[in-house]
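# Notes for the structure review
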Amino acid sequence: MGVEILVRKTAARLLRKNISQRDLKRITRILLNDLECRTTELSLLLTDDDEISVLNAQYRNKPVPTDVLSFSLREGDYAEYCQNVLGDIVISVATAARNATLRDESLRNEIVRLLIHGLLHLVGCEHEGVSKSIANKMKREERRLYEVVKSVR
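Attention here is on the structure that accompanies the text. Because the structure is predicted, anything quoted here is derived from the model rather than measured. (Residues numbered from 1 in each chain as written. Predicted model: local features only at pLDDT ≥ 70, side-chain atom pairs only at ≥ 80, totals over all residues. Heavy atoms only, no water.)

### Let's talk about the pattern of salt bridges
Put simply, the test is: A side-chain nitrogen of Lys or Arg and a carboxyl oxygen of Asp or Glu constitute a salt bridge if their distance falls within 4 Å. Numbering of helices and strands runs from the N terminus; a helix is a DSSP stretch of H or I covering at least four residues, while a strand is a stretch of E covering at least two. Type-normalised accessible area, obtained with a 1.4 Å probe on protein chains alone, sets the label of each residue: buried when under 20%, exposed when over 50%, and partly exposed for intermediate values.
This model, assessed by the stated rule, comprises 10 salt bridges. With a shortest N-O distance of 2.8 Å, D49 and R98 are connected by a salt bridge. Taken together, the residues D49 in helix α3 (residues 49-60) and R98 in helix α4 (residues 93-103) connect sequence positions 49 residues apart. On the basis of relative accessible area, R98 is assigned to the partly exposed category, the value being 43%. With a closest N to O distance of 2.8 Å, E141 and R144 form a salt bridge.

Below is the structure:
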């Protein structure tokens, strides 16, 4: 199980006292294990609003910052060549920090919540353009996985 984490300098300042790359890798491995994705690779990019806005515009036609984007490598034209690669998750630490403040939550917990959300998208869960019951199923799975992470801290 390979987890590659890249932290942009602009995001590193915000993360410094909240969550380490080592802790993020450990949490990601726990989540992948729970989701039975033990032999997969995943990359995680922690960045700023400017970079995620470019990606959001390019891939979703929404030129605004968002909190998390997921890019599955298990679907599309070349999925057959990526059997052991789950995909990429991009998190805007700046947006996560704003959301954490609004939720009266720590930045660490918000990053974990976004990581879980992104991972669920990579394993096929959806909440947009689906029935309310399917969207609620994803929310329940997010809460369950968050409890899994909390129980092993």
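Anyway, onward from the coordinates.
### Observations regarding the pairing of strand β2 (residues 41-47)
In plain terms, the rule: Two strands are said to pair when DSSP picks up at least two bridges between them.
With five of seven residues buried, β2 lies mostly within the body of the structure. Where strand β1 (residues 2-7) meets β2, six bridges bridge the pair, whose relative direction is parallel. Within the sheet, the bridge partner assigned to V3 lies in β2 and is L42. Relative to strand β4 (residues 85-92), β2 is paired through seven bridges, and the arrangement is parallel.

### Brief notes about the nonpolar core
So the rule is basically this: As used here, the term nonpolar core means buried Ala, Val, Leu, Ile, Met, Phe, Trp, Tyr and Cys residues forming a set that is joined through side-chain atoms within 4.5 Å. Note on contacts: a residue pair qualifies if any of its non-hydrogen atoms lie within 4.5 Å across the two residues.
Counting 34 residues, the largest nonpolar core has L46, I89, I91, I111, L115 and L119 as the members making the most contacts within it. Secondary structure elements with two or more residues in this core: β1, α1 (9-15), α2 (21-34), β2, β4, α4, α5 (107-122) and α6 (132-151). The greatest single-element share of this core, amounting to nine residues, is contributed by α5. Other than its neighbours up to four places away in sequence, L115 contacts L24, I27, T28, L31, L44, I89 and I91. L45, I52, L69 and V90 belong to the second largest nonpolar core, which has five residues in total.

### Quick notes on the sheet that holds β2
Short version of the rule: With axes taken as lines fitted to C-alpha atoms, and helix axes fitted only over the stretch in contact, angles between N-to-C directions fall between 0 and 180 degrees.
Taken together, the four strands give an open sheet; going across it, the order is β1-β2-β4-β3, and neighbouring strands pair in mixed fashion. Two strands bound the open sheet, and with one partner strand each, they are β1 and β3 (68-72). Neighbour to neighbour, the strand axes of the sheet diverge by 15° on average, direction disregarded. Sheet strands in contact with α5 are β2, β3 and β4, and its direction is about 145° off that of β4.

### So, α6
Put simply, the rule is: For a helix, the expected span equals 1.5 Å multiplied by the residue count minus one. For this quantity, the arc is that covered by the directions from the helix axis to the C-beta atoms.
For α6, built from 20 residues, the straight-helix expectation of 28 Å at 1.5 Å per residue is met to within 8% by its first-to-last C-alpha distance of 29 Å. By the burial criterion, the buried members of α6 are A135, M138, E142, L145, Y146, V148 and V149. What you see down the axis of α6 is that its buried residues fit within an arc of 155°, all on one side. Residues of α6 that are exposed and angled more than 90 degrees away from the buried face: K132, S133, K137, R143 and S151.

### A word on unusual backbone geometry
If you check the backbone angles, E36 has positive phi at about 60° while not being a glycine. Mapped onto the elements of the fold, E36 is located in the loop between α2 and β2.

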